[in-house]
Amino acid sequence: MTLVVPSYDEGIAFFVEGLGWRLGSDEDQGGGKRWVVVEPPDGGSALLLARAVGPEQQAAIGRQAGGRVGFFLRTADFEGTAARLRTAGAWFEQEPRHEAYGTVAVWRDPWGNRWDLLGPP
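What this report covers is the structure whose coordinates are included nearby. (Residues numbered from 1 in each chain as written. Predicted model: local features only at pLDDT ≥ 70, side-chain atom pairs only at ≥ 80, totals over all residues. Heavy atoms only, no water.)

1. Quick look at the pairing of strand β9 (residues 114–119)
For β9, the buried fraction is high: six of the six residues fall into the buried class. Across the two faces of β9 the burial is the same, with Arg114, Asp116 and Leu118 and Trp115, Leu117 and Gly119 all buried. As defined by bridge partners, strand β5 (residues 69–74) adjoins β9 across five bridges and the pair is classed as parallel. When the bridges of β9 are listed, Val69 appears paired with Arg114. Both strand β8 (residues 102–108) and β9 contribute to a ladder of six bridges, which runs antiparallel. Bridge pairing in β9 places Arg108 opposite Arg114. (Buried < 20%, exposed > 50% of the residue type's maximum accessible area, 1.4 Å probe, protein only. Helix = DSSP H or I, 4+ residues; strand = E, 2+ residues; numbered from the N terminus. Pairing = 2+ DSSP bridges.)

In short, the description is geometric, and any link to function would need to be established separately.
Now the structure itself:
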C-alpha cells in the first residue's frame with residue numbers, strides 16, 4: 001500500500017520516530033527518489049511512503065481516499081496507541097466508541113488522511 005507524503009523525512013518522522021514503527025527500507029533510487037517502507041511493530045501491512053511530485057500528486061496528499069477512512073490500524077493497546085498518535089501529530093475526530101468488533105475511533109494523520117484505530121472489544 002502506498003501513502004503519498006510531502007517528503008520522505010516527514011513520513012519517517014511520523015511513523016518511525018513518532019509511532020515507533022520499523023523502517024523496513026530506505027533506499028536511494030536516484031534523482032531524489034527513495035524506496036521508503038515503514039512497518040507496524042506488531043506486524044501487518046507495510047506502507048510505501050511516496051514523496052509527492054508535481055501539482056497532481058501534491059493535491060492528493062491527505063485526500064487519498066476521497067475523504068473516507070482509507071487506512072486501518074489495529075492495536076492491542078488502544079489507549080496507549082491513541083496517546084502515541086496524538087503526541088506524534090495525529091488528531092482524533094471523535095471519542096472512541098465500542099462496537100461488537102472492538103473499540104474504534106477515527107483519526108487523521110498529520111497530512112489529513114482518515115484512519116480507523118481499532119482495539120479489542
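Additional details are given in the paragraphs that follow.
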